[in-house]
Each structure stands twice: as structure tokens, then as C-alpha cells.
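# Residue-level structure breakdown
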Amino acid sequence: MPPTLPSSSCDEHPDCDRDTNWICRHDDVDEDIVARRIEDFHKETKDVVEYYESRGRVIHFVPYRGVDDMDLLENLVLEKLGLL
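Our subject in this report is the structure included herewith.

Conventions used here
- Residues numbered from 1 in each chain as written.
- Predicted model: local features only at pLDDT ≥ 70, side-chain atom pairs only at ≥ 80, totals over all residues.
- Heavy atoms only, no water.
- Helix = DSSP H or I, 4+ residues; strand = E, 2+ residues; numbered from the N terminus.
- Buried < 20%, exposed > 50% of the residue type's maximum accessible area, 1.4 Å probe, protein only.
- Contact = heavy atoms within 4.5 Å.
- Areas by Shrake-Rupley, 256 points an atom, 1.4 Å probe, with all protein chains shown as cover.
- Expected span 1.5 Å × (residues − 1).
- Bend = angle between axes of the 7 residues up to and from the residue.
- Polar contact = N/O pair within 3.5 Å; in protein donor to acceptor, adjacent residues only side chain to side chain.
- Salt bridge = Lys/Arg side-chain N within 4 Å of Asp/Glu carboxyl O.
- Patch = residues over 30% accessible without salt bridge, like charges linked within 9 Å, V, L, I, M, F, W, Y side chains within 5 Å.

We now examine the overall build of the protein. In terms of regular secondary structure, the protein is built from two helices and zero strands. Within the span of the protein, comprising 84 residues, buried residues form 6% of the whole. Within the protein, contacts between residues separated by at least 24 positions form 2% of all contacts whose residues are at least 6 apart in sequence. Of the roughly 7,600 Å² of accessible surface on the protein, 55% is carried by carbon and sulfur atoms.

Laid out in C-alpha cells, this is it:
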């Protein structure tokens, strides 16, 4: 299933390419800003992730084959929920 993209935000930005960009931000071209945004995200979510990890509620999953790995993710979730 293709992603559902915002209808207006991409249309308003002249450099937006719907095939490669989901959401366009004017500051996404500055690597330092993007790196800081990612670092802030990890800092702000660290305690939440650790909380759920300590309770065995986090599934670490890397989709090496992209959407072709969705069946593996589904099985991991079902197994974690005790439904498999």
C-alpha cells in the first residue's frame, strides 16, 4: 500500500517531490538542523523507550527487505501478544 501523503504541504513547496518526500520542511536541507532534531527526538523519548523495554514491551525490528518484511513484523507482534 502506498503512503498517504498530505495534499497541501507538498504542493506548496517548489522542491517537493511526492515520490521521495513525505513532508517537506525548508530546514531539512541543513544537515546540522536535521542531526539536532534527531538527537532531540532520542533524548526526549529515551525515558519512554527504557520504561517499555524494562517491561518487555518493545520489539526491535529492522525491515531489511522493506515492505517484504511485514509478515515477519506481524508474526513478532502476534507472538508478543501471545496470539501465535
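Let's pick the thread back up.
Here helix 1 (residues 31-54) is 24 residues long and its end C-alpha atoms lie 33 Å apart, about the 34 Å a rise of 1.5 Å per residue gives. Bending of helix 1 peaks at approximately 45° at the position of T45. N-cap assignment for helix 1: the residue whose side-chain oxygen lies 2.9 Å from the backbone N of D32 is D30. Following helix 1 by one or two positions, G56 adopts a phi angle in the positive range, close to 70°.

Evaluation of the coordinates by the stated rule reveals four salt bridges. Here R65 and D69 are joined by a salt bridge, their closest N and O atoms 2.5 Å apart. The class of R65 is partly exposed, set by a relative accessible area of 47%. If you follow the salt bridges from partner to partner, you end up with R65, D69 and D71 in one network.

Take V77: it is sitting in helix 2 (residues 70-80). C-alpha of V77 to C-alpha of I59: the two residues are 18 residues apart in sequence and 7.6 Å apart in space.

Before going further, it helps to spend a moment on a nonpolar patch on the surface. Judged by side-chain polarity, I59, L76, V77, L81 and L83 come together as a nonpolar surface patch covering roughly 410 Å² of accessible area. As for its placement among the helices and strands, I59 is situated in the loop between helix 1 and helix 2.

Treat this as a map of the structure, not an account of what it does.
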